[in-house]
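# Notes for the structure review
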Amino acid sequence: MSKTFREVLAWQRAHAFVLRVYQVTRSFPREELFGLTSQFRRAAVSIEANIAEGYGKVSRSDKLRFMNISQGSLEECRDYVILSLDLGYMNESTYAELNAMIEETSRFLHLYVNGIKNNSGIID
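Residues numbered from 1 in each chain as written. Predicted model: local features only at pLDDT ≥ 70, side-chain atom pairs only at ≥ 80, totals over all residues. Heavy atoms only, no water.

What follows concerns the packing of aromatic side chains. In the structure shown here, the tally under the stated rule is four aromatic pairs. For the pair Phe5 and Trp11, a centre-to-centre distance of 5.2 Å together with 70° between the ring planes defines the contact as edge-to-face. Between Phe28 and Phe40, the ring centres sit 6.5 Å apart and the planes meet at 40°, which makes this aromatic pair tilted. Highlighted residues: Phe28 in the loop between helix 1 (9–25) and helix 2 (36–55) and Phe40 in helix 2, separated in sequence by twelve residues. Owing to a relative accessible area of 6%, Phe28 belongs among the buried residues under this scheme. Judged by its relative accessible area of 0%, Phe40 falls in the buried class. Three or more aromatic residues joined by ring pairs form one cluster here, namely Phe28, Phe40, Tyr80 and Tyr89. Geometry around Phe108 places Arg13 over its ring, the cationic atom sitting 4.3 Å from the centre. Positioned above the aromatic ring of Tyr55, the side-chain terminus of Lys63 is 5.6 Å from the ring centre. (Phe/Tyr/Trp six-rings, centres within 6.5 Å; stacked < 30°, edge-to-face > 60°. Helix = DSSP H or I, 4+ residues; strand = E, 2+ residues; numbered from the N terminus. Buried < 20%, exposed > 50% of the residue type's maximum accessible area, 1.4 Å probe, protein only. Lys NZ or Arg CZ within 6 Å of the ring centre and 35° of its normal.)

Here we come to helix 4 (residues 92–118). Taking 1.5 Å per residue, 27 residues should reach 39 Å; helix 4 reaches 39 Å between its end C-alpha atoms and fits that length. Buried residues along helix 4 sit against helix 1, helix 2 and helix 3 (60–86). For helix 4, the capping residue at the N-terminal end is Asn91, with a side-chain oxygen 3.1 Å from the backbone nitrogen of Ser93. (Expected span 1.5 Å × (residues − 1). Contact = heavy atoms within 4.5 Å. Polar contact = N/O pair within 3.5 Å; in protein donor to acceptor, adjacent residues only side chain to side chain.)

Here the focus is the packing of helix 2 against helix 3. The N-to-C vectors of helix 2 and helix 3 enclose an angle of 155°; their axes lie 8 Å apart at closest approach. As judged from the angle between their axes, helix 2 and helix 3 are roughly antiparallel. Relative to helix 3, the crossing made by helix 2 is left-handed. The residue inventory of the contact of helix 2 with helix 3, partitioned by class, reads 15 nonpolar, seven polar and three charged. (Axes fitted to C-alpha atoms, helices over the stretch in contact; angles between N-to-C directions. Parallel < 35°, antiparallel > 145°, perpendicular 65-115°, else oblique. Left-handed = near helix turned anticlockwise from the far one by under 90°. Nonpolar A, V, L, I, M, F, W, Y, C, P; charged D, E, K, R; others polar.)

As structure tokens, this is what we get:
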């Protein structure tokens, strides 16, 4: 088992995604600062923050609840990527890059959830 949430691969992928979202949204229109830019950033941060918070929980059900919130935020970001492309705020290349990062983060989060479910050392 990892010693800190920073060692969790799902958190590492989510963190890389957050950093990229911040870079990409810097070029969004100024009028979106309190709209899409803010929402996109908050949802991205929520992915990694809930992985970190869930990591610190003792019970399996608490851990899984936070991972579920993280998965929901990930899907919210998936929508924001589509919306950003449709609004012309990002190009196809950036869209593909962020989509790939979402897919990878989702895959690792799913594996982490399965690990939590199968780890009998965690209290229910």
